[in-house]
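Observations on the three-dimensional arrangement
Here is how the chains run, residue by residue.
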Protein chains: 2
Amino acid sequence: MLSTMQDVPLTISRILRHGSTVHGRSQVTTWTGEGAPGPHRRTFAEIGDRAAQLAHALRDELGVARDDRVGTLMWNNAEHVEAYFAVPSMGAVLHTLNLRLPAEQLVWIVNHAADRVILVNGSLLPLLAPLLPRLEPVEHIVVVGPGDTSLLEGCRPAVHEYEALLAGRPATYEWPELDERDAAAMCYTSGTTGEPKGVVYSHRSIYLHAMQVNMTQSMGLTDADTTLPVVPMFHVNAWGLPHATFMTGVGMLMPDRFLQPGPLAEMIEAERPTHAAAVPTIWQGLLAELADKPRDISSLKTVTIGGSACPEAMMRAFEEEHGVEVCHAWGMTETSPLGTVSHPPGGLTPEEEWPYRVSQGRFPASVEARLAAPDGGFAPHDGESPGELEVRGPWIAGAYFGGAGAEPVRPEDKFSPDGWLRTGDVGVITADGYLTLTDRAKDVIKSGGEWISSVELENALMAHEAVAEAAVVAVPDDKWGERPLATVVLKEDAGDVTYEDLRAFLGERVARWQLPERWALIESVPKTSVGKFDKKVLRSQYASGDLDVTHVTASGGGPARPAR
Amino acid sequence: MLSTMQDVPLTISRILRHGSTVHGRSQVTTWTGEGAPGPHRRTFAEIGDRAAQLAHALRDELGVARDDRVGTLMWNNAEHVEAYFAVPSMGAVLHTLNLRLPAEQLVWIVNHAADRVILVNGSLLPLLAPLLPRLEPVEHIVVVGPGDTSLLEGCRPAVHEYEALLAGRPATYEWPELDERDAAAMCYTSGTTGEPKGVVYSHRSIYLHAMQVNMTQSMGLTDADTTLPVVPMFHVNAWGLPHATFMTGVGMLMPDRFLQPGPLAEMIEAERPTHAAAVPTIWQGLLAELADKPRDISSLKTVTIGGSACPEAMMRAFEEEHGVEVCHAWGMTETSPLGTVSHPPGGLTPEEEWPYRVSQGRFPASVEARLAAPDGGFAPHDGESPGELEVRGPWIAGAYFGGAGAEPVRPEDKFSPDGWLRTGDVGVITADGYLTLTDRAKDVIKSGGEWISSVELENALMAHEAVAEAAVVAVPDDKWGERPLATVVLKEDAGDVTYEDLRAFLGERVARWQLPERWALIESVPKTSVGKFDKKVLRSQYASGDLDVTHVTASGGGPARPAR
């Protein structure tokens with residue numbers, strides 16, 4: 001039986017229309033750097049006008065049609081917000097380009113998405129210009145803000161200047177009524193292995209996600225707030241903040257390219273945002289900066305931290321030293337990104353709240369979660385049984401972009417047969433829905449139908465006074481399938497510690513069957529470009545016999561083998 | 001171009017699954033009255049189990065199939081919450097019956113909806129039993145809680161006892177995956193004229209509305225809160241609170257049949273809810289009760305008031321005397337009901353906030369509003385130009401239930417040709433989206449392409465020291481289409497006031513062209529059963545010549561006519 005309700009699609013043009021009228025006085029403030037004439041301010045109403053002008057320009061001057069991809073290589077600023085709304089609202093697809101990617105990946109991504117237009121901040125022309133000869137689908141370059149346009153001389157695509165392109169065009173646009181499941185925006189994941197994978201967000205997924213961001217148990221800001229999205233707009237739609245703020249009139253302070261601790265402290269002091277969102281390394285830098293050169297950041301009430309786990313010590317420092325509540329969130333490009341947020345349950349004392357606050361957080365009603373267990377079933381949500389996290393929901397990816405004209409692709413290692421996203425994260429979920437992640441699935445040791453957490457073994461090993469660093473990886477084992485290999489970097493003053501000592505030390509901290517039999521001393525743990533342990537290298541060193549592996553077993557009973 | 005996002009329907013079973021697991025410890029507390037053993041408590045987890053048992057019983061024992069209507073004639077209590085989730089989640093349609101309706105209307109509504117089952121609180125059997133012979137589609141009566149079941153002896157439908165029906169059935173149910181546009185629940189409007197009209201909510205509309213209720217700028221509660229929905233569950237889904245709370249774990253305090261000021265004060269003092277929702281008359285009664293017999297209601301932080309406008313004096317009294325912030329909301333059965341909420345914009349002083357707080361409030365992003373102007377176009381949102389409010393959005397009705405097997409109906413006076421809901425309310429909207437209602441459309445005087453607010457003329461007239469009551473109605477006019485007729489009740493000690501005096505008094509307060517030419521003295525203003533001015537009666541008295549009408553014009557110049 002059909003309902004009698006109106007069938008109104010959830011589209012980004014609705015958010016734009018609302019934000020630019022009902023919240024027309026709210027502002028996007030773009031930081032322009034120290035010594036500049038001061039920050040640039042634009043109201044939501046002006047952004048609405050200019051988004052209409054941009055849409056006219058893209059359609060009438062550049063020939064952008066339905067479903068065409070429009071790339072952006074831009075910092076967080078008001079013009080990027082204009083593109084965020086204009087491009088999807090006119091029926092085209094916004095493709096945010098990650099300016100931190102290696103050139104080869106950028107080229108691959110632009111060609112794979114078949115971007116017809118790229119909007120680029122003038123300051124990023126030195127990055128884009130050398131790639132242009134290889135960006136075959138690109139027909140138009142639109143330069144936003146000052147930059148060395150001589151770099152574009154003689155390039156194949158037509159070059160336009162953003163303000164000149166908008167000038168004189170109508171400030172209203174008859175936004176088409178789209179299907180809410182139409183593509184609105186896309187973003188590629190930059191996995192360390194394999195080709196980048198494109199996630200194509202729909203109007204519906206972005207709209208629902210923005211409602212969730214505005215729910216009390218997510219970020220829940222009001223138009224009395226101003227948020228500072230330090231998280232780049234090319235990272236998962238800046239966590240949905242531009243869309244969420246246009247729904248509720250929350251002001252935005254945009255850092256543009258000034259992402260260093262000094263300018264961040266300066267803009268917080270000057271513009272007094274109440275909320276900010278960024279990855280932990282940004283906050284670590286800001287804390288150090290503030291210790292060095294105190295600034296008034298008392299306007300900040302809450303910061304949302306995501307991207308990777310935030311150490312409890314840092315969360316406490318923020319609260320105790322600066323009165324800022326840190327709220328943990330977990331998500332990924334494939335989850336829009338809002339998966340969990342670590343608001344503690346009601347009715348607890350501040351100290352009781354900490355175990356919840358340092359977890360990844362709780363799932364909202366729209367995100368279902370299950371744990372694929374080592375035995376092929378699903379682990380109970382008891383806070384103890386680990387599994388690979390799989391999620392399902394209206395803003396969760398169910399496939400990747402297959403390329404222009406191609407069908408979406410659903411790699412088996414990324415999606416379950418019944419369509420859930422395999423996150424690649426291993427962890428536990430409590431009965432009341434709090435997620436704690438322990439490992440990446442690829443780093444878990446699958447030993448005889450049980451999983452051994454490499455991270456847990458590493459942390460336990462690194463607690464030993466003689467150990468500087470330790471990395472544990474899975475290696476093939478005839479009997480158990482996989483077993484852990486412990487690779488250890490000893491401190492300079494480690495003394496006469498033996499493998500047996502280390503194994504006994506571990507034995508007091510983890511279950512007996514998890515104890516590694518294979519041990520190797522290494523000079524240092526190989527690391528990726530972003531400083532994470534590069535376990536691929538260790539596994540391949542083991543496979544090729546490049547590690548000096550000692551076997552140590554409980555029943556050994558022989559002489560203690562020296563670690564060094 | 002299709003997105004790569006999962007296509008997951010927004011259904012009530014998702015809300016139930018989430019609430020009964022992630023928020024399984026949250027509680028529904030049902031008040032059982034003074035002197036009773038104490039309130040009854042049930043966790044969301046228990047409600048989830050019992051909803052599954054109820055669904056099994058309805059399907060296996062009562063034969064309820066997809067789309068069958070299951071009526072409820074119940075107070076606000078935990079069992080009603082169970083039905084709220086079980087019935088739609090199994091694919092049937094929950095039909096909440098308004099126990100305050102006249103018997104004739106109840107009979108009409110049950111037959112029109114073709115309810116196969118009615119769940120009835122035992123305390124309401126005296127109301128239901130006499131109607132049963134005329135409720136032809138009803139096959140099963142399920143009695144919930146104690147009551148005089150002898151009243152059902154010999155009745156045609158089969159009679160069941162709720163707890164016996166649930167006992168021993170499985171506490172899990174394989175909820176079907178429904179289309180989110182399927183019917184979930186229905187509710188009839190009880191207009192004073194014409195037949196009741198059925199609004200059929202979809203899973204989608206209820207889900208989106210619940211997300212909106214949880215947004216900061218609506219009610220925005222967390223699981224540290226407990227809400228007291230005094231608004232009945234047969235009034236527009238208790239304003240969406242049962243669905244919203246299961247999304248976020250907010251506790252519910254349910255008043256059952258104890259809706260008088262005394263028990264309400266008692267349950268607030270005892271159970272300490274932080275939020276409550278009701279119509280103004282309830283709060284007026286509570287304020288009087290508290291003045292008479294003080295109680296500790298300090299737990300209440302906010303009350304949401306809707307259903308009709310709340311006087312500023314009452315809002316201030318609540319705040320000043322009890323520290324409770326009153327938040328105004330506007331909506332109707334056709335709007336699910338959340339239309340506007342009167343949160344003021346950010347950055348104002350408390351006194352600056354008042355004009356916003358006494359307005360009907362601001363529209364959320366999902367509800368578009370326009371004002372159908374007297375000239376046939378749409379009035380600007382300038383805070384001054386009136387029009388009939390029309391709304392559009394994913395939880396706004398676009399038609400009424402046409403009856404079992406019939407197509408939905410779209411009466412022209414209720415829906416615009418392009419599908420917007422005509423609310424029947426006249427008002428203005430400010431540039432920043434705040435709505436102020438002034439009249440019901442049927443009470444507005446359409447004079448020469450302009451509208452005259454009868455309410456404004458009445459309020460101005462009633463400010464005259466000689467006037468006890470005044471009602472202004474539209475009467476036909478050859479030249480202007482309609483003109484105002486002022487009917488006046490004078491105070492006992494009114495003295496020698498003349499119509500010219502009254503007209504001159506009005507002339508200082510409203511535009512000259514709005515001044516009535518037709519005046520009549522009456523003994524009292526006829527009223528409806530709920531105490532509102534019954535203007536139908538006045539219009540028909542005028543039409544039949546039963547009023548003693550005096551014509552007074554500005555250019556008259558003759559002797560002043562005595563009003564009495």
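Residues numbered from 1 in each chain as written. Chains lettered and ligands numbered in written order. Predicted model: local features only at pLDDT ≥ 70, side-chain atom pairs only at ≥ 80, totals over all residues. Heavy atoms only, no water.

Per an unreviewed UniProt entry, the recorded name for chain A is Long-chain fatty acid--CoA ligase, and the organism is Streptomyces daliensis. UniProt, in its Sequence similarities (unreviewed entry) section for chain A, records the words "Belongs to the ATP-dependent AMP-binding enzyme family." (UniProt positions renumbered as here; feature names shortened; annotations may be inferred.)

All right, on to the overall build of chain A then. Scanning chain A from terminus to terminus reveals 16 helices and 27 strands. A compact globule built from 564 residues should have a C-alpha radius of gyration of about 24 Å, and chain A, at 25 Å, falls within 12% of that. Along the first, second and third principal axes, the C-alpha atoms of chain A reach 85 × 60 × 50 Å. Residues classed as buried in chain A amount to 60% of the 564 residues present. When contacts within chain A are restricted to residue pairs at least 6 apart in sequence, those whose partners lie at least 24 apart make up 66%. Summed over its atoms, the accessible surface of chain A is roughly 21400 Å², and 51% of this surface lies on carbon and sulfur atoms. (Helix = DSSP H or I, 4+ residues; strand = E, 2+ residues; numbered from the N terminus. Rg over C-alpha atoms; globule rule 2.2 N^0.38 Å. Buried < 20%, exposed > 50% of the residue type's maximum accessible area, 1.4 Å probe, protein only. Contact = heavy atoms within 4.5 Å. Areas by Shrake-Rupley, 256 points an atom, 1.4 Å probe, with all protein chains shown as cover.)

L119 of chain A together with L119 of chain B are the most contacted members of the largest nonpolar core, which has 174 residues in total. Setting aside residues no more than four positions away along its own chain, L119 of chain B makes contact with L54, V70, G71, T72, L73, M74, A83, V142, V144 and Y162 of chain B. Formed by 59 residues, the second largest nonpolar core is a distinct cluster that contains L97, V200, I282 and W354 of chain A. (Core = buried A, V, L, I, M, F, W, Y, C linked by side-chain atoms within 4.5 Å.)

Our next topic: the interface of chain B and chain A. Each partner contributes residues to the interface: chain B has 79 residues there, and chain A has 78 residues. In total, chain B and chain A occlude about 5900 Å² of area from one another, counting both sides; carbon and sulfur atoms represent 51% of this. Inspection of the chain B/chain A interface yields 14 salt bridges. For R362 of chain A, the salt bridge goes to D223 of chain B, with nearest N and O atoms at 3.0 Å. Taken together, chain B and chain A are joined by 50 residue pairs in polar contact (both at pLDDT 80 or more). Those elements that provide at least two residues to the side of chain B that touches chain A are α1 (12–21), β8 (183–189), β9 (197–202), α7 (203–213), α9 (241–248) and β19 (387–392) of chain B. Taken together, the residues of the side of chain B that touches chain A sort by class into 39 nonpolar, 23 polar and 17 charged. (Buried area = accessible area lost by both parts, 1.4 Å probe. Salt bridge = Lys/Arg side-chain N within 4 Å of Asp/Glu carboxyl O. Polar contact = N/O pair within 3.5 Å; in protein donor to acceptor, adjacent residues only side chain to side chain. Nonpolar A, V, L, I, M, F, W, Y, C, P; charged D, E, K, R; others polar.)

Enumeration according to the criterion identifies 16 aromatic pairs over all chains in this entry. Between Y356 of chain B and Y434 of chain B the ring centres are 4.7 Å apart and the planes differ by 65 degrees, which places this aromatic pair in the edge-to-face class. In this pair, Y356 of chain B sits in helix α13 (residues 350–357) while Y434 of chain B sits in strand β21 (residues 434–440), placing the two residues 78 residues apart along the sequence. Just as Y356 of chain B is buried, Y434 of chain B falls in that class too. Taken together, F44, F85 and F246 of chain A form an aromatic cluster joined through their ring pairs. Across the ring face of W354 of chain A, the terminal group of R316 of chain A is positioned such that the distance to the ring centre comes to 4.2 Å. (Phe/Tyr/Trp six-rings, centres within 6.5 Å; stacked < 30°, edge-to-face > 60°. Lys NZ or Arg CZ within 6 Å of the ring centre and 35° of its normal.)

What links the strands of a sheet is backbone hydrogen bonding, and the strands pair in either a parallel or an antiparallel sense. Residues and elements named next belong to chain A. The strand order across the open sheet formed by seven strands is β7-β6-β5-β3-β4-β8-β9, and the pairing between neighbours is mixed. Two strands in the sheet have a free side with no partner beyond their single neighbour: β7 (158–161) and β9 (197–202). Each adjacent strand pair in this sheet contributes to an overall mean axis angle of 25 degrees, direction not counted. Pairing between strand β4 (residues 93–96) and strand β8 (residues 183–189): two bridges, direction parallel. Its bridge partner being in β8, H95 is matched across the sheet by M186. Each of β3 (69–73), β4, β5 (115–121) and β8 touches helix α4 (residues 103–113); the most contacted strand, β8, lies at about 150 degrees to it. Relative to the sheet, helix α7 (residues 203–213) contacts β8 and β9, its axis offset from that of β9 by approximately 75 degrees. (Pairing = 2+ DSSP bridges. Axes fitted to C-alpha atoms, helices over the stretch in contact; angles between N-to-C directions.)

Here the focus is the packing of α7 of chain B against α9 of chain B. Residue and element names in this part refer to chain B. Look at α7 against α9: their axes get within 8 Å of each other, and the N-to-C directions meet at 70 degrees. One element, α7, and the other, α9, form an angle in the roughly perpendicular class. Crossing of α7 against α9: the hand is right-handed. Of the residues in α9, those touching α7 at I206, Y207, A210, M211 and V213 are L241, H243, A244 and M247. When grouped by side-chain class, the residues that make up the contact of α7 with α9 number eight nonpolar, one polar and no charged. (Parallel < 35°, antiparallel > 145°, perpendicular 65-115°, else oblique. Left-handed = near helix turned anticlockwise from the far one by under 90°.)

Mapping chain B onto chain A calls for a screw motion: a turn of 180 degrees about the axis and a shift of 0.0 Å along it, with 0.2 Å RMSD after fitting. In the structure described here, the two chain copies are related by an operation that fits a two-fold rotation axis. Identified as the residue of chain B closest to the rotation axis by C-alpha distance is M215 of chain B, at 2.0 Å. A symmetric contact is evident, with 99% of the interface residues of chain B recurring at the interface of chain A. (Least-squares fit on C-alpha atoms with pLDDT ≥ 70 in both.)

Residues and elements named next belong to chain B. Strand order across the open sheet formed by seven strands is β7-β6-β5-β3-β4-β8-β9, with mixed pairing between neighbours. At either end of the open sheet lies a strand with only one pairing partner, and these are β7 (158–161) and β9. Direction aside, the axes of adjacent strands within the sheet are offset by 25 degrees on average. Two strands pair when backbone bridges link them, and strand β3 (residues 69–73) and strand β5 (residues 115–121) are joined in this way by five bridges, in the parallel orientation. Opposite V70, over in β5, you have V117 as the bridge partner. Of the strands in this sheet, β3, β4 (93–96), β5, β6 (140–144) and β8 are in contact with helix α3 (residues 78–89), which crosses β4 at around 145 degrees.

All names here are of chain A. Here helix α12 (residues 312–322) crosses helix α13 (residues 350–357) at 135 degrees, and the two axes come no closer than 11 Å. As the angle between them shows, α12 and α13 are arranged oblique. Relative to α13, the crossing made by α12 is right-handed. Contacts from E312, M315, R316 and E319 of α12 reach α13 at E351, W354 and R357.

Position of S454 of chain B among the secondary structure elements: in helix α14 (residues 454–462). A polar contact of 3.1 Å, which involves the side chain of S454 of chain B, links it to the side chain of K535 of chain B.

All names here are of chain B. Relative to the elements of secondary structure, R272 occurs in the loop between α10 (261–271) and β12 (275–278). Ignoring sequence-local partners within four residues, the contact set of R272 consists of M267, D296, S298 and S299. A polar contact of 3.3 Å, which involves the side chain of R272, links it to the side chain of D296. Polar contacts involving the side chain of R272 include one to the side chain of S298, which spans 3.4 Å.

A few words now on α12 of chain A. An α-helix turns once per 3.6 residues; consequently, residues spaced three or four apart project the same way. Residue and element names in this part refer to chain A. Within the span of α12, buried status applies to M314, M315, A317 and F318. Each buried residue of α12 lies within a common arc of 160 degrees when the element is viewed along its axis, so the set occupies one face. In α12, those exposed residues whose orientation departs by more than 90 degrees from the buried face are A313 and E320. Looking at the buried residues of α12, the elements they touch are α11 (280–292), β13 (302–305), β14 (325–330) and α13. At the exit of α12 stands G323, carrying a positive phi of roughly 65 degrees. (Arc of directions from axis to C-beta.)

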